[in-house]
Structures are given as structure tokens and as C-alpha cells.
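Residues per chain, in single letters:
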Amino acid sequence: MTDTVHDPPPWLAEVALAVPGSVDPAESAGAFLRALVEIGPAVGVSLWHHGGGPPALLARLGIAPGSASAPPLTPIWDAATLTWPLAGAEILRLTLPMPPTAATAWALERVLRGFGTHRVTAAGYASARGAGQALAAVEAERQATLEALRESQSFLTEIVENLPDMIFVKDAADLRFVRFNRAGERLLGFPSEALLGKNDYDFFPREEADFFTSKDREVLASGRLLDIPCEEIQTRLQGIRSLHTKKIPILDATGSPRFLLGISEDITEARAAREALARTSEELRRSNEELRHFATTVSHDLQEPLRAVAGFADLLRGRISASLDDEGREWLDYVVDGARRMQRLVRDLLAYARLGVSGPERGAVDLEALLAAVLEALVLRMAETGAVVTHDPLPVIAADEVQMGQLLQNLIGNALDHGGGQPPRVHVGARQDGDRWVFVVRDEGIGFEQRFADRLFEPFYRLDPGVGSARLGSGIGLAVCKRIVESHGGLIEATGAPGEGATFRFWLPIGSPEI
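Just so you know, these numbers come straight off a predicted model, no measurement behind them. (Residues numbered from 1 in each chain as written. Predicted model: local features only at pLDDT ≥ 70, side-chain atom pairs only at ≥ 80, totals over all residues. Heavy atoms only, no water.)

Draft legend 1. The packing of helix α10 (residues 367-377) against helix α12 (residues 401-417), seen in detail. α12 packs onto α10 with a crossing angle of 50 degrees between their chain directions and a minimal axis gap of 10 Å. Taken as axis vectors, α10 and α12 run oblique relative to one another. The two elements α10 and α12 meet at a crossing, and its hand is right-handed. Each of Leu370, Leu371, Val374, Leu375 and Ala377 in α10 lies in contact with α12, whose residues at this interface are Glu401, Met404, Gly405, Leu408, Gln409 and Ile412. (Axes fitted to C-alpha atoms, helices over the stretch in contact; angles between N-to-C directions. Helix = DSSP H or I, 4+ residues; strand = E, 2+ residues; numbered from the N terminus. Parallel < 35°, antiparallel > 145°, perpendicular 65-115°, else oblique. Left-handed = near helix turned anticlockwise from the far one by under 90°. Contact = heavy atoms within 4.5 Å.)

Put into C-alpha cells, the structure is as follows:
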């Protein structure tokens, strides 16, 4: 009887499996066969065993030919290639698509290696040249893929090695180091060769090692990122360092922790700088508090003698004014005016010092009603100067009512003081700008040179006579305005020009007026 000759399938690979004498060849071949079938339907398998053909072997494996569990079989067209003089070997012939994909080739390679493949050859082509070309194409693709993989691995390695922060990886089972980058070597003072395979107890004091280990176990148990803002570590060459560490588990395909990845930033210098800044800030706060207390005490203690000087000077002027000549009366007026200006200066200084003692007491402030109260307090000065004050509709804001009243009174009073001999005209405006209110107090007085704008808000600063300042007041009013605005989280600025008036703008954040 003549064997039927079949056309060759697209691509065949013969596999010789070396099977130890103590292992049932059928069981070994069957396990191999099942592993191949798991690769996917793109792989057809025909299997030949020297003790019997595929049906006999399948029967020994408990697989009925044609059943759902039986692998697809391809015709065996060249029986001569199925006999190899290898004792206890299983000979298999595999059928793959042409050309096989890289994924299929990798899957096959893993299966073959896992089952102790003795050798693999190509067959089934009309000519050896065709088989060689097919294998060469697959091998070229595999080599190109491996080279791309090596390049990618090298690129990632360079990134990890050049990061300025310490990167380390521990195995999840024993928490032994399996990877350390150069930053970690420099920080700990050990080469990676001395670190790999060791755990925390090999390098750190027990208390530190206990802490690190407990955090590692916490991460592996939770399966989530753990952020440790500050932890101290004993290094070999740099002493104790402070680290900001983040740890996260690396899971396997089943979702179980396989490794632990850690990233540590050395924050020793930054922490020291923050602590030094905090100490300096505390010292400055304490110094400012003492200065404010001193200013409050001195201002209060000065009030009484100044009131006495001003009061007795007034009495003296009333009793002896008629007996004095013009020069004497002028000198007495100087005494009275000087005492009153000193009283005003001390009062303003006291108000300025008190602003820094505590923050503003915020509440709902109706600026329309507050402005009306301020104008009522200034009615005598407005009558004396003939001033006219207009305003836009003003909002209800969240602020300290007393301080807002003082702010408006100081700005409007400043405009009344610098009318330049003409009846002052003052306008108060307001508009919303995003998340802020913008307020404007504008006058048509003598103005100022813009180069003096920032200095206007300095305590005791007043413009020189040549600039055109009326030089009234104590020089504290605008400094008080600046402190009030800043204590509310805002800012204030001034613009102007000589003879063209001045404009004061201040910005306040929009808060809930229901506070």
C-alpha cells in the first residue's frame, strides 16, 4: 500500500524532547502538548510517538480523538522525518502560520525551554532553501525585537541610575534588596554589590530597621502607596540624614506583591533651612510683639502729660493773651498746636501698633452704611474745606468693621488735607475683579510725584515741602491703611502726578459676607 502524499503545510518545526527514563514518555509529551495548545488556535500540532501514532498516544493521555479537548492534528506527510535515533524521546511536529508572529515565537520558545527541548529543526518544505529562509526571517525578527528590548531596558536603566533620589527595590518575601541606583549608593555609603541580597538589619540600627520593615509590611499588606514625609536614617559616611520616602508594592499577574519599590529624597538641608526659617520667624514675631507692646505702653504713657501741656497752654492763653504782644501770642499758639499735633501723633502711633497685635475680627460689613458714618465723623473738616465726597454703590464684604472704617477715614481725610487750597473733590469707587474687590479713593488735589508712591505708606514719612504736600497729620495714617489692607489679605497702591490729584487703590479678597 502506498502512503498518500500531502502538500506541505505552511511551516513545520520538528521537536525532539529528551525524556528521563523515570518519566512516562506519554505523560511528558501530553503535558507538552497541552502547553502548546494553550498558545492559541494559530498553532496546530501533530504528534508522533515511537511507541504509537497520535491516536494511540491520545488514548494513553485520556483524550478521545475528535473531542473538544483534543488538539488539532495535521497530516504527517513525510514519515521518514519522524524517526530519530534518540532513546526515550518524543518526536513532535508543529505547524505554525507563515510567517509566525513574534508573540507566537516567544510563546513557543518558553514552552520548549520549559520541557527540556533537545533540538528543533525545520522541515516540510519542497526545498531546504525555503525552510532556511523561513527560519532566517523568524530569527531576524526575533533578534530585532530582542535588540529593541535591550535598548529600551538600557534607556530605563540610565534613567533610574541618573535620578538624584535614591531608588531601591526589595523582594516581597524577605525584604532583601534586589536593586539600588547610584544615588542610593552615595547616600548610604555602600556599593550596590554590598547591598544586594541584604536587608535593613544588615546596615541600620535595630530601631531604624524595625521601623523600615514595619512600613514595608504595611505597604505590602495594603497594596497602596505609602508616603512618609520624614524619616531619619543612619548612613555610613554622612551621619544621620532626613528622607522623604514613598513606597509602593509591585504586583505579579495574580495581584500578589512580588517586589517593593521605594523612592527617597534627601531633605536634610531643606529641613534644616525650614527649621531655621521657623526659628527666625518666631524670633521676629516675638520681637515685633515686644516692639508693639513697647509702642503701646509709651504711647499710652505719653498721652497724660501731653493732655496736661495742651490743657494748661489753653488756660494760659485764655488768661494772659491780652497782656501779650503779637510775638508772645504767636509763641503760645506754637505751644498749643505742638501739643495737639503730638497728641495726634501718639494716638496714631498707638492705633498702628495695635493693628499688629491680633488679626482682624471679620464680619459682614455694609460699606454704604460705614461710609455714611465716616463722612458724618468728618463733617466739620468737610465744612471747613468745602469738600464734596461722592461714591459708587458699595458692597457688603467680610471684614473687620472698625478697621474698614479707619481705612476709609484715613484715605478720605488724606484727600481733605491735600486739596491745595481748593475745595477738595473726592470719589470712592468699587468694582469686582474676579475673586477680588477693587476699591478706589480718588481726589483732585495737589498730587505727588510717582517716584514717592511706595514711600507714602512708610510710617512718619511725609513729602518735602517742595513737592507740594500740605504736611498735615502725623505721617502714620497711610501706614495704618497699608497694614489694615494687608491684614485682610489684600494690597494697596497709590498713583498720582503733581497738580493732577492722587488715586489710592486697594484690593480685598471676596469672602462670605455672612461670616
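Draft legend 2. Inspection of the side chain of glutamine 403 at higher detail. Note that glutamine 403 resides in helix α12. Leave out the neighbours within four places in its chain, and glutamine 403 touches Leu355, Pro360, Ile484, Ser487 and His488.

Draft legend 3. Summary view of the packing of aromatic side chains. A complete count under the given rule lists 10 aromatic pairs for this structure. With 6.2 Å between their ring centres and 85 degrees between their planes, phenylalanine 168 and phenylalanine 177 make a pair best called edge-to-face. Among the residues examined, phenylalanine 168 registers a relative accessible area of 6% and is labelled buried. Feature note: the residues Phe190, Phe203, Phe204, Phe211 and Phe212 constitute an aromatic cluster, connected by ring pairs. Of note, arginine 236 hangs over the ring of phenylalanine 190, and the distance from its end group to the ring centre comes to 5.1 Å. (Phe/Tyr/Trp six-rings, centres within 6.5 Å; stacked < 30°, edge-to-face > 60°. Buried < 20%, exposed > 50% of the residue type's maximum accessible area, 1.4 Å probe, protein only. Lys NZ or Arg CZ within 6 Å of the ring centre and 35° of its normal.)

Draft legend 4. A look at a nonpolar patch on the surface. Taken together, the side chains of Phe155, Leu156, Ile159 and Leu163 present a nonpolar region at the surface, about 370 Å² in accessible area. Residue phenylalanine 155 is classed as exposed on the basis of its relative accessible area of 55%. (Patch = residues over 30% accessible without salt bridge, like charges linked within 9 Å, V, L, I, M, F, W, Y side chains within 5 Å. Areas by Shrake-Rupley, 256 points an atom, 1.4 Å probe, with all protein chains shown as cover. Salt bridge = Lys/Arg side-chain N within 4 Å of Asp/Glu carboxyl O.)

Draft legend 5. Local environment of the sheet that holds strand β9 (residues 257-266). Strand order in the open sheet made by the five strands is β6-β5-β9-β8-β7, with antiparallel pairing throughout. A strand with exactly one partner marks an edge of an open sheet, and here the two such strands are β6 (177-180) and β7 (226-234). Put simply, the sheet's adjacent strands are angled 30 degrees from each other on average, direction ignored. Two strands pair when backbone bridges link them, and strand β5 (residues 166-171) and β9 are joined in this way by six bridges, in the antiparallel orientation. Bridged to isoleucine 167 within β9 is isoleucine 263. Those strands touched by helix α7 (residues 206-222) are β5, β7, β8 (240-251) and β9, and its axis lies near 160 degrees from that of β7. (Pairing = 2+ DSSP bridges.)

Fair warning: the whole summary comes from geometry, so function is off the table for now.
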